[in-house]
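Below, each chain spelled out in residue letters.
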Amino acid sequence: MAAQEAPAETVEDIVVTARRIEGPMWEVRRGDSVLILVGAIDGLPRDMEWRTDALVSAVERADRVLFPVEGRASLADLGRVIWRVRTLTRLPDDRTSADYLPPALEARLERVTGQGPSRQSFLMLSSDLMEQGGYARRARPVSEVVRKAARAGRKPAEPVGVFRGDEIIDRFLTTPPEAYDGCMAAAVEAAEAGPAAGAQRAEDWRRRRVQAVVASPLEQAVSACSYWSVMGQSARLREVWTQAVDRSLAEPGVTLAIAPLRLLAEPDGLLDRLARDGLEPQGPDWRPPAP
């Protein structure tokens, strides 16, 4: 009888462990190196309830923690932003959204905003549209949970890369409105889908439904309107993370890294790359269903 009960206890352990994990996480091993990848998304509501015990346990187990890329600005950089604030908040030369967007997209924009052509910069307007689609401005980032646990455990922690604030600000100040075409199309679609679709994205993330998150209108908008996409820096971001993953898997011990979920799960993303190298990531399925 005892021999028959053991498998049931093992299954129960697996079920209990699976229920503890909310939010997508993967573990990759190479020799004495272990890399725990946490797939993060932006704009999660601060009041969203999700279990963080598995994430905190992973931080406690880690020897080092990697946070997302960080931009560091000086007081002089901030002064430039204040001085040029109109450039960041208004379209140039008193133009409106109708001067830049295709007529069909402009009509959709006016329907979701309930207003005529907008004079807001596309940087600000896209942010407002994503908020209509359920993006929480007072967000609770995954990194907040990890930072608290890392400080408590006195874990070495650093960003995966650092970009200069003056470089980022220069790009924002000099990038023409036309660069936001893809962002605006995705942001309007997110606003049309509404806050219920945004709430579903958060729930899918919590339940580790990776492809549902990646395909959601709000996540598409967050990706299309990111600094990396608008400024044509996506390849640079992928390279920073590829190098960080390779370094982590070359060092003994356990590294925990918080990476953008899309960067991990997109076709030919970091998880696909690791799988091609024979390092099958252990965690939720990230691949799109076969056609």
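The structure under discussion appears in the preceding block.
The present account deals with the structure reproduced in this document. Model, not experiment: these values are computed from the prediction. (Residues numbered from 1 in each chain as written. Predicted model: local features only at pLDDT ≥ 70, side-chain atom pairs only at ≥ 80, totals over all residues. Heavy atoms only, no water.)

Some thoughts on the pattern of salt bridges
Point 1. Taken as a whole and judged by the stated rule, the model has 17 salt bridges.
Point 2. Here glutamate 203 makes a salt bridge to arginine 206, at a shortest N to O gap of 2.8 Å. A residue pair is termed a helical-turn pair when its members lie 3 or 4 positions apart in one helix, as glutamate 203 and arginine 206 do in helix H9 (residues 181-206) at three residues.
Point 3. For arginine 206, a relative accessible area of 13% puts it in the buried group.
Point 4. Residue aspartate 246 pairs with arginine 273 through a salt bridge whose shortest N-O separation is 2.9 Å. Here the residue aspartate 246 occupies a position in helix H13 (residues 234-248), and arginine 273 occupies one in helix H15 (residues 270-276), the gap between them amounting to 27 residues.
Point 5. A residue is classified by how much of its surface remains accessible, and aspartate 246, at 33% relative accessible area, is partly exposed. (Salt bridge = Lys/Arg side-chain N within 4 Å of Asp/Glu carboxyl O. Helix = DSSP H or I, 4+ residues; strand = E, 2+ residues; numbered from the N terminus. Buried < 20%, exposed > 50% of the residue type's maximum accessible area, 1.4 Å probe, protein only.)

Observations regarding the state of the cysteines
Point 1. Here the structure, examined in full by the defined rule, presents one disulfide.
Point 2. Across a sulfur-sulfur distance of 2.1 Å, cysteine 183 and cysteine 225 are joined as a disulfide pair. With the S-S dihedral at roughly 100°, the linkage between cysteine 183 and cysteine 225 falls on the right-handed side. A residue pair is termed long-range when its members are at least 10 positions apart, and cysteine 183 in helix H9 and cysteine 225 in the loop between helix H11 (217-224) and helix H12 (227-230) qualify at 42 residues. Here the two residues cysteine 183 and cysteine 225 agree in accessibility, since each one is buried. (Disulfide = S-S within 2.5 Å.)

Quick look at the pairing of strand E2 (residues 33-40)
Point 1. Summarising burial for E2: eight of the eight residues are buried, a large majority.
Point 2. Neither face of E2 is open: one carries Ser33, Leu35, Leu37 and Gly39, the other Val34, Ile36, Val38 and Ala40, and all of them are buried.
Point 3. In this sheet, E2 lies alongside strand E1 (residues 25-30) in antiparallel orientation, the contact comprising six bridges. From the neighbouring strand, glutamate 27 faces E2, where its bridge partner is isoleucine 36.
Point 4. The turn joining E1 and E2, which pair antiparallel and follow one another in sequence, is formed by two residues; a positive phi near 60° is taken by glycine 31. (Pairing = 2+ DSSP bridges.)

Description of the sheet that holds E1
The pairing of strands in a sheet happens through backbone hydrogen bonds and is either parallel or antiparallel.
Point 1. The five strands are arranged E1-E2-E7-E3-E5 in an open sheet whose pairing can be described as mixed. Edge positions in the open sheet fall to E1 and strand E5 (157-159), since each of these has one partner strand only. The mean inter-strand angle of the sheet, taken between neighbouring strand axes irrespective of direction, is 20°.
Point 2. Against the sheet, helix H7 (residues 142-153) engages E2, strand E3 (64-67) and strand E7 (253-260), with an angle of about 155° to E3. (Axes fitted to C-alpha atoms, helices over the stretch in contact; angles between N-to-C directions. Contact = heavy atoms within 4.5 Å.)

Overview of H13
Point 1. With 15 residues, H13 ought to run about 21 Å at 1.5 Å a step, and its terminal C-alpha atoms sit 21 Å apart, in line with that.
Point 2. Residues of H13 that are buried: Leu237, Val240, Trp241, Thr242, Ala244, Val245 and Ser248. (Expected span 1.5 Å × (residues − 1).)

A short note on helix H2 (residues 53-61)
Each α-helix turn comprises 3.6 residues. Residues three or four places apart therefore point the same way.
Point 1. Residues of H2 that are buried: Ala54, Leu55, Ala58 and Val59. Taken down its axis, H2 places every buried residue within 145° of arc, on the same side. (Arc of directions from axis to C-beta.)

Brief notes about unusual backbone geometry
Point 1. Residue arginine 154 is not a glycine yet carries a positive backbone phi of 50°.
Point 2. Residue placement: arginine 154 occurs in the loop between H7 and E5.
Point 3. Residue arginine 208 is not a glycine yet carries a positive backbone phi of 65°.
Point 4. Looking at the element boundaries, arginine 208 is found in the loop between H9 and helix H10 (210-215).
Point 5. With relative accessibility at 23%, the residue arginine 208 sits in the partly exposed group.

Some remarks on the packing of aromatic side chains
Point 1. One pass over the structure, following the stated rule, counts five aromatic pairs.
Point 2. The interplanar angle of 80° and the centroid separation of 6.0 Å between the aromatic rings of tyrosine 100 and phenylalanine 122 together place this pair among those described as edge-to-face. Highlighted residues: tyrosine 100 in the loop between helix H4 (85-89) and helix H5 (103-113) and phenylalanine 122 in helix H6 (residues 122-132), separated in sequence by 22 residues.
Point 3. On the basis of relative accessible area, phenylalanine 122 is assigned to the buried category, the value being 2%. (Phe/Tyr/Trp six-rings, centres within 6.5 Å; stacked < 30°, edge-to-face > 60°.)

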